[in-house]
Amino acid sequence: MKSIDLYKLLKEKGYSFFSGVPCSYFISLLNNISRDETSFYFVAPNEGLAVSFAAGAYLGGKNVVVIMQNSGLGNAINPLSSLCIPFGIPMLFFISGRAYGIEDEPQHKIIGKAMRKILESLSISAYDLPKNDTDAYGCVKRAHSESIENRKLVALVVKKDVLEHDENSFRHFNIPHYKWKNIFIENEYKLRMSRTTALCTIVGSVNQDVVVISTTGTSSRELFAIQDRTSHFYMQGSMGHAAGIGLGVACSTDKKVVVIDGDGALLMHMGVMSSIGHYRPKNLVHIVIDNESYESTGGQPTTSGTVDFSEVAFNCDYRNSAFCTTASKLSELVKTSLINDGPNFIHVKVSSSEIPKASRITEKISPHQLTERFCDFLRR
Ligand SMILES: Cc1ncc(C[n+]2csc(CCOP(=O)(O)OP(=O)(O)O)c2C)c(N)n1
């Protein structure tokens, strides 16, 4: 089915509000939504908030579609089970089927297998979206009626390549009042260092004995391509939890720990900043590489253009907090952060990567091997 046709059908059925966290399976659907000025797409920091927003919008008189990757189902379960179901709030979901009946990366395998059982045990009706146009139309129409008439949650599971991609790109919203000067202005964006430069600079500023924990998606892949070290832990999956892992390592060892976060990932579970500020590990440096987008899933915008992360870190009681846009400043900040007591925070604004197709880490090292290698390094 073409994404544009699915989108038109949803509009026909009265859906003009959409919320979610992107998955690459939905690139074209999200692009189409963003290009229609009569629709609203809520850029949710996590799938739970995508659901609670949709619930609120339903109460306010809108029909809302929630779009998510199946790895985000866990984030959504609480508001699904304790809000939507008991309060009889209907919702139509599109959930991507990563590792659902197909080979996929290890971090997707467990949820790919469990997803249907989880949905079933939550009393959420779930249907696989057929590939064939006529069947797909019928399926969406039935799912819509079932959801609205019975005030139920209905999920449509979208397997790989069931939604055809088209040439449209994402329309970046014009948000009128950015508090920031470093916003997504095209010219200014082009002048920023690339994410690749930022990663090279970080690696070049830390020695082999410093732990580096990198966030999910292409940042980890790119770091792996730039330089692989036994001190690196490439977190694949568990989006938003790199800083949590870093906090755990920093509290349990004397090693210096650098966390490389993404803006989308940090926004997903920003509560970790309060934990870091509260527990104050001296040996932790938390860096957010901020490209104002979910680059790994097609470059949809995040809301980081209106967030002053370094101010948030400062107010969460990190010991030091700084902002930079140049490689020389970044290098200086990383080096001083490793000398001075932390927790230290560095917010670095970047443009997109120079290695758009960095290969998968699992081609060389499995997650299990990575854990063993990393534990050996920490116990050395
Ligand atoms: C819970 C969850 N939701 C969605 C995804 C799909 N996903 C993988 S990487 C990514 C984008 C991460 O964005 P950001 O941290 O800004 O890093 P960037 O992609 O820009 O490098 C998304 C949405 C996921 N892995 N897990």
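Residues numbered from 1 in each chain as written. Predicted model: local features only at pLDDT ≥ 70, side-chain atom pairs only at ≥ 80, totals over all residues. Heavy atoms only, no water.

Draft legend 1. Representation of the sheet that holds strand β7 (residues 211-214) within the structure. Spatial ordering of the open sheet is given by β8-β7-β9-β10-β14-β13, a layout of six strands whose pairing is parallel. In this open sheet, the two edge strands, each paired with only one partner strand, are β8 (232-234) and β13 (320-324). Taken over all neighbouring pairs, the strand axes of this sheet differ in orientation by 15° on average, direction set aside. Bridge analysis of β7 against strand β9 (residues 257-262) gives four bridges, and the strand direction is parallel. Paired with Val211 across the bridge in β9 is Val257. (Pairing = 2+ DSSP bridges. Helix = DSSP H or I, 4+ residues; strand = E, 2+ residues; numbered from the N terminus. Axes fitted to C-alpha atoms, helices over the stretch in contact; angles between N-to-C directions.)

Draft legend 2. Looking closely at the pairing of strand β4 (residues 91-96). Among the six residues that make up β4, six are buried, leaving the element largely enclosed by the rest of the structure. Covered by surrounding structure in β4 are Met91, Phe93 and Ile95 together with Leu92, Phe94 and Ser96, the residues of both alternating faces. When strand β3 (residues 63-69) meets β4, the two strands line up parallel, connected through five bridges. By the bridge assignment, Ile67 is partnered in β4 with Phe94. On the question of chirality, the crossover connecting β3 to the parallel β4 by way of helix α4 (residues 73-84) is right-handed. (Buried < 20%, exposed > 50% of the residue type's maximum accessible area, 1.4 Å probe, protein only. Right-handed = clockwise from strand over helix to strand, strands pointing away.)

Draft legend 3. Main features of the site of the ligand. Around the ligand lies a shell of 22 residues, among which Glu47, Arg195, Gly264, Ser293 and Ser296 are the nearest. Side-chain polar atom of Ser71 to a nitrogen atom of the ligand: 3.2 Å apart, as the coordinates give it. Interatomic distance of 2.9 Å between a backbone N/O atom of Glu295 and an oxygen atom of the ligand. Surface burial for the ligand is 95%, taken as the share of its 590 Å² of free accessible area covered by protein chains. Going through the elements one at a time, α9 (218-226), α11 (263-268) and β11 (293-294) are the ones with two or more residues in the shell around the ligand. Per-element tally for the shell around the ligand: the top contributor is α11, with four residues. When the residues that make up the shell around the ligand are grouped by side-chain class, the tally is six nonpolar, 12 polar and four charged. Looking at which domains feed residues into the shell around the ligand, each of domain 1 (3-158) and domain 2 (186-379) gives three or more. (Near = heavy atom within 4 Å. Polar contact = N/O pair within 3.5 Å; in protein donor to acceptor, adjacent residues only side chain to side chain. Areas by Shrake-Rupley, 256 points an atom, 1.4 Å probe, with all protein chains shown as cover. Nonpolar A, V, L, I, M, F, W, Y, C, P; charged D, E, K, R; others polar. Domains from an automatic or database assignment.)

Draft legend 4. Just the packing of aromatic side chains, in detail. Applying the stated criterion across every chain yields a total of eight aromatic pairs. Centre to centre, the rings of Tyr7 and Phe18 are 5.7 Å apart; their planes meet at 45°, and the pair counts as tilted. Remark: Phe18 occurs in strand β1 (residues 15-20) and Tyr7 occurs in helix α1 (residues 3-12); sequence separation between them is 11 residues. Side by side, Tyr7 and Phe18 carry an identical accessibility label, which is buried. With a centroid separation of 4.0 Å and an interplanar angle of 10°, the aromatic rings of Phe42 and Phe53 are classed as stacked. With Phe42 in strand β2 (residues 40-43) and Phe53 in helix α3 (residues 47-59), this pair connects stretches of sequence that are 11 residues apart. (Phe/Tyr/Trp six-rings, centres within 6.5 Å; stacked < 30°, edge-to-face > 60°.)

Draft legend 5. Main features of the domain arrangement of the chain. Once the domains are mapped, the chain shows domain 1 (3-158) and domain 2 (186-379). Inter-centroid distance (C-alpha atoms) of domain 1 to domain 2 is 30 Å. Taken together, the contacts link 16 residues of domain 1 with 16 residues of domain 2. Between domain 1 and domain 2, a total of about 1200 Å² is buried, with carbon and sulfur atoms accounting for 61% of that surface. For the domain 1 face of the interface with domain 2, the top three residues by lost area are Pro22, Val43 and Glu105, together amounting to 36%. Our enumeration of links across domain 1 and domain 2 arrives at one salt bridge. A salt bridge links Arg360 to Glu105, with the shortest nitrogen-to-oxygen separation between them at 3.7 Å. Our count for the domain 1 to domain 2 interface comes out at three residue pairs in polar contact (both at pLDDT 80 or more). When contributions to the side of domain 1 that touches domain 2 are tallied by element, the ones reaching two or more residues are α2 (27-35) and α5 (106-121). (Contact = heavy atoms within 4.5 Å. Buried area = accessible area lost by both parts, 1.4 Å probe. Salt bridge = Lys/Arg side-chain N within 4 Å of Asp/Glu carboxyl O.)

Draft legend 6. Fine view of helix α8 (residues 195-205). For α8, the tally of buried residues reaches eight of 11 residues, placing the bulk of the element in the interior. Among all positions in α8, only Arg195, Thr196, Ala198, Leu199, Thr201, Ile202, Val203 and Ser205 are buried.

Draft legend 7. The arrangement of the packing of α8 against α9 in detail. α9 packs onto α8 with a crossing angle of 55° between their chain directions and a minimal axis gap of 10 Å. With respect to α9, the element α8 is oriented oblique. In this structure, α8 meets α9 at a crossing whose hand is right-handed. Of the residues in α9, those in contact with Arg195, Thr196, Leu199, Cys200 and Val203 of α8 are Thr218, Ser219, Glu222, Leu223 and Ile226. (Parallel < 35°, antiparallel > 145°, perpendicular 65-115°, else oblique. Left-handed = near helix turned anticlockwise from the far one by under 90°.)

Draft legend 8. Representation of the packing of α1 against helix α6 (residues 133-150) in the model. The contact between α1 and α6 brings their axes to 11 Å, and the two run at 30°. Classified by the angle between their axes, α1 and α6 sit roughly parallel to one another. Regarding α1 and α6, the two cross each other, and that crossing is right-handed. Facing Asp5, Leu6, Leu9 and Leu10 of α1, the residues of α6 in contact are Tyr137, Val140 and Lys141. Considering only residue class, the contact of α1 with α6 consists of five nonpolar, no polar and two charged.

Draft legend 9. Helix α12 (residues 272-279), seen in detail. Three or more residues of α12 are buried, namely Val272, Met273, Ile276 and Gly277. Down the axis of α12, the buried side of the element spans an arc of 140°, and every buried residue falls inside it. Across from the buried face of α12, at angles greater than 90 degrees, the exposed residues are His278 and Tyr279. Those residues of α12 that are buried are in contact with α10 (242-252), α11, β10 (284-290), α13 (309-315) and β14 (344-349). (Arc of directions from axis to C-beta.)

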